[in-house]
Amino acid sequence: MFGARGIEITFTLKKSVLLLGIAAVICSTAAAEQPPTISFTSGTGQLIVRGKPFLVLGGELANSSAGTAAQADTILPKLAQMHINTVLMPVAWEQIEPAEGHFDFSILDRWTEVARKQNLHLVILWFGSWKNAFSEYAPDWVKSDTARFPRAISAEGLPTEILSTFGGETVRSDARAFGALMRHIREIDAEQQTVVMVQVENEIGFLGRGGRDRSAAANRAFQGTVPSELTRGLEQHRLQLSPELAESFKSGGHTWSEVFGANADEVFMAWHYAVFVNKVAQAGKKEYALPMYLNAQLPAPLERAGEYPSGGPHPYYQEVYRIGAPSIDFYSPDIYWPNFDYWVQRYQSARNPVFVPEARLDSAPYNALYAYGQARAFGFSPFGVDSESRASKQSDAKPELSDFYAVLADLSDVILDKQEHDQCRGLVVHANSSRPTQTVALGGYLFEATLSRSWPAKSLLTDDGAVMVLEMKPDEFYLVGAGLTVSVFRDPDTDDRTAGIASIEQISKANGQWVVDRRLNGDESNQGRQLLMDARTIHVYRVKLYTYSDVRSH
Ligand code: DGJ
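Residues numbered from 1 in each chain as written. Predicted model: local features only at pLDDT ≥ 70, side-chain atom pairs only at ≥ 80, totals over all residues. Heavy atoms only, no water.

**What about unusual backbone geometry?**
For step 1, the next point in the chain: Positive phi, close to 50°, is recorded for Asn 132, a residue that is not glycine.
For step 2, the next point in the chain: Residue placement: Asn 132 occurs in the loop between β6 (121–131) and α5 (140–143).
For step 3, the next point in the chain: By relative accessible area, which is 26% here, Asn 132 ends up partly exposed.
For step 4, the next point in the chain: In this structure, Asp 422 is a non-glycine residue whose phi angle is positive, near 55°. (Helix = DSSP H or I, 4+ residues; strand = E, 2+ residues; numbered from the N terminus. Buried < 20%, exposed > 50% of the residue type's maximum accessible area, 1.4 Å probe, protein only.)

Following this line, the structure appears as C-alpha cells:
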C-alpha cells in the first residue's frame, strides 16, 4: 500500500537511478574518448587505456616483418596465440611518405585491422630520421638531397649515413610526416584505441669516433654558449642528476667544454637530439596525444661515446632530455646486456615509469618476472618475437615466453593491483649473475632464492630462474616463476619471530577460477622447508606461511 508520499519517494528514486545511469553513460563515454595516457599512482607509472590500467605483455617485431600489409595476416595470429597482448611494430618514414607530401598509410591500416581481429594492441615505432643512429628508413628524396638534408660529419671530416640534428629542413619534414601519421591514427583509431603508444625514432645518438657531429653548423654551436635553459634546468634539478652528469657539470662556465668538461661532446649531442625529437613529438601530439617515449641503446662496459650512440637517452644524460624534450613522456632501455636488473633500476624513478621495449628473447621469460614484479613495469617486450617458434627450439628444456605470458595474462589484474599497492617483488638469477643468491622482502618475510641445482634429481636443471612474489593477504603469497629454490625467513626488521611454511599449492586458472593442481609435500617441498620450483616451466605457487616464537627465549 503506497500513500502519496510513497509514490513520491518511488518516483524520486527512479529519477535518481535514471540520472545516475545517464551520468554513468556520460562518464564511460568520456573515459572511452580519452586517449591512452600514463598515470603515476603510489610511485609507479601505469598505462591507462579506456580508463583502466593495462599491463603490456609485449613483443617487438623484427625489423623487416612489417614492411608489407600481407605480413600482418601471417604474423599477428601467431603472436596472439603466444598470449602477447601488444605488438611493437615499426612504421618507416619511407613507407608512409614515398614522395614528398604524398602519404600512404595502407600498410598500417591493414595491420591495425588484423590486430583488432586478434584482440591485440599496437605500439608504433616511428623509424623517422634515425633508426639505431643511422638514417636508413628516411625516404630516398631525403637521403639523396644532402644539401637540403645535411649529414652529420665524422671526426675524419667525412659525411656519414646519419642525418645531422642541425638540418632545419630535416626536422620540419620529419615532424610533418610524423604529424600526418598521428593524425591518421587518430582518424582511424581514436574510438577503438588499438594503438596505445608511440616510440619516437629508434635508438638515437651519433655513432663515430669522438662521439659528436663535426659539421660546420655543429662546430659553431659547440664553440658557442650552452643555452641558459639547459644550465638553469640542470641547476634546478641538481639532486636528480645522474652521478655521471653531476660529476662533470659546472654551472659557472659558458662553452660546452667549460660546463661539461670531458662529457661535453656527448651532452652537446644529447641536447641537440632532444630538441630535434621534441619538435617531432610535439607535431605528433598536436594531432593525437598518445604517450610518447624514447628508447636507448645502452653502453657496453668500457665503451666510449661514439662506440655506442653518443647522446642517446641512456640514463647518464636523461635530465638533459627532460629539459630539451618536454613532449616526451618517458625513457626506456633496450636491454641486451646480461645485467638486466641493473639497467632497469637505472630507469626506475618517481618520474619515469618502467617500460622495456626491447630485451633478449632467450632470457625474456625470466627477466619479465623481474620487470613486472620488482620494477613494477607496466610493460615488457622482447625483440624479434615473430622469430620464436617451438619447432625452432633445440630442445624443449627451456621455458617458453608464451607459457609465461599465458600465466601473466591470467594474473594481469592481480599484478596491476599489487603494483599499485606496492605488494609485489621480483628477482631473477642467471648462471652468470654476480649474486647467485638473491633475496626480496615483502609482507614481513624474506624470500631467498637460488638456482635449482640439486633436488628433485630427475627434474631438469636450469641456468636461469626467476620469481615474482605477490602478497595476496597476510601470510599468504603467490610465488610465480620457474627454476628456483626459495627459502622463506621472517624479516628481522618486522619482529624476532621465526617463519615456517604452512602449505604450498600449485594452482592454475580454469574457467576464471583458481584451482589447486597439486599440493607440494615431502620430497617436492624439501620436507616442508623450501619451495622447489619446476625448472621446465612457469607455475603459480600459493604459499601460506606462519610464524612462531623461539621457546628458548621464554
Ligand atoms: C636494437 C634496435 O632498436 C632494433 O631495431 C634491432 O636492430 C635490435 N637492436 C636487434 O638487432
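**Describing the site of the ligand**
For step 1, the next point in the chain: Contacts to the ligand come from Asn 63, Lys 131, Asn 132, Asn 202, Glu 203, Asp 334, Tyr 336, Glu 358 and Phe 383.
For step 2, the next point in the chain: For the ligand, whose accessible area on its own is 290 Å², the fraction buried by protein is 76%.
For step 3, the next point in the chain: Here the residues of the shell around the ligand sort into two nonpolar, three polar and four charged. (Near = heavy atom within 4 Å. Areas by Shrake-Rupley, 256 points an atom, 1.4 Å probe, with all protein chains shown as cover. Nonpolar A, V, L, I, M, F, W, Y, C, P; charged D, E, K, R; others polar.)

**Remarks on the nonpolar core**
For step 1, the next point in the chain: Ranked by size, the top nonpolar core spans 124 residues in total, and within it Trp 126, Leu 181, Trp 256, Phe 260 and Phe 380 carry the most contacts.
For step 2, the next point in the chain: Residue contributions to this core peak at twelve residues, all from helix α11 (residues 264–287).
For step 3, the next point in the chain: Leu 442, Phe 447, Leu 451 and Leu 484 belong to the second-largest nonpolar core, a separate cluster that totals 24 residues. (Core = buried A, V, L, I, M, F, W, Y, C linked by side-chain atoms within 4.5 Å.)

**Quick notes on the layout of surface pockets**
For step 1, the next point in the chain: Roughly 360 Å³ of volume is contained in the largest pocket.
For step 2, the next point in the chain: Residue lining of the largest pocket: 17 residues in total, with Ala 262, Asn 263, Glu 266, Arg 304 and Ala 305 positioned closest to the centre.
For step 3, the next point in the chain: Among the elements of the structure, α9 (243–248) and α11 are those that each provide at least two residues to the lining of the largest pocket.
For step 4, the next point in the chain: Considering each element in turn, the lining of the largest pocket owes the most residues, three residues, to α9.
For step 5, the next point in the chain: Partitioned by chemical class, the residues of the lining of the largest pocket number five nonpolar, five polar and seven charged. (1 Å grid on protein atoms, 1.4 Å probe; cavity = no way out; pocket = protein on both sides within 12 Å on 5 of 7 lines; lining within 4 Å. Points joined across faces, edges and corners; volume = space filled by probe spheres on them.)

**Remarks on the packing of helix α2 (residues 70–81) against helix α4 (residues 106–117)**
For step 1, the next point in the chain: Where α2 contacts α4, the two axes come as close as 9 Å, and the packing angle between them is 30°. Classified by the angle between their axes, α2 and α4 sit roughly parallel to one another. The chirality of how α2 crosses α4 is right-handed. Of the residues in α4, those in contact with Ala 70, Gln 71, Ala 72, Asp 73, Ile 75 and Leu 76 of α2 are Arg 110, Trp 111, Val 114 and Ala 115.
For step 2, the next point in the chain: Taken together, the residues that form the contact of α2 with α4 break down as seven nonpolar, one polar and two charged. (Axes fitted to C-alpha atoms, helices over the stretch in contact; angles between N-to-C directions. Parallel < 35°, antiparallel > 145°, perpendicular 65-115°, else oblique. Left-handed = near helix turned anticlockwise from the far one by under 90°. Contact = heavy atoms within 4.5 Å.)

**Some thoughts on the domain arrangement of the protein chain**
For step 1, the next point in the chain: Segmenting the protein chain into domains produces domain 1 (36–387) and domain 2 (424–548).
For step 2, the next point in the chain: Placing the centre of domain 1 and that of domain 2 at their C-alpha centroids yields a distance of 37 Å.
For step 3, the next point in the chain: If you look at the interface, domain 1 gives eleven residues, while domain 2 gives 20 residues.
For step 4, the next point in the chain: Taken over both partners, the interface formed by domain 1 and domain 2 buries close to 1100 Å², and the fraction arising from carbon and sulfur atoms is 66%.
For step 5, the next point in the chain: On the domain 1 side of the interface with domain 2, the three residues burying the most area are Tyr 366, Leu 369 and Gln 374, jointly 53% of the side's total.
For step 6, the next point in the chain: Where domain 1 touches domain 2, the interface holds one salt bridge.
For step 7, the next point in the chain: With a shortest N-O distance of 3.8 Å, Asp 341 and Arg 435 are connected by a salt bridge.
For step 8, the next point in the chain: Applying the counting criterion to the domain 1 and domain 2 interface returns three residue pairs in polar contact (both at pLDDT 80 or more). (Domains from an automatic or database assignment. Buried area = accessible area lost by both parts, 1.4 Å probe. Salt bridge = Lys/Arg side-chain N within 4 Å of Asp/Glu carboxyl O. Polar contact = N/O pair within 3.5 Å; in protein donor to acceptor, adjacent residues only side chain to side chain.)

**Some words on the environment of Ile 185**
For step 1, the next point in the chain: Mapping Ile 185 onto the fold places it in helix α6 (residues 168–189).
For step 2, the next point in the chain: A sequence separation of 116 residues divides Ile 185 from Ala 69, and the C-alpha atoms of the two residues are 16 Å apart.
For step 3, the next point in the chain: Dropping the residues within four chain positions of it, Ile 185 is found in contact with Leu 108, Ile 124, Ala 190, Val 195, Tyr 288 and Leu 290.

**What about the packing of helix α14 (residues 364–373) against helix α15 (residues 401–420)?**
For step 1, the next point in the chain: Viewed as axis vectors pointing N to C, α14 and α15 meet at an angle of 0°, and their least axial separation amounts to 11 Å. By the criterion of interaxial angle, the relationship of α14 to α15 is roughly parallel. Across the interface between the two elements, Ala 364, Pro 365, Tyr 366, Leu 369 and Tyr 372 from α14 touch Leu 401, Phe 404, Tyr 405, Leu 408 and Gln 419 from α15.

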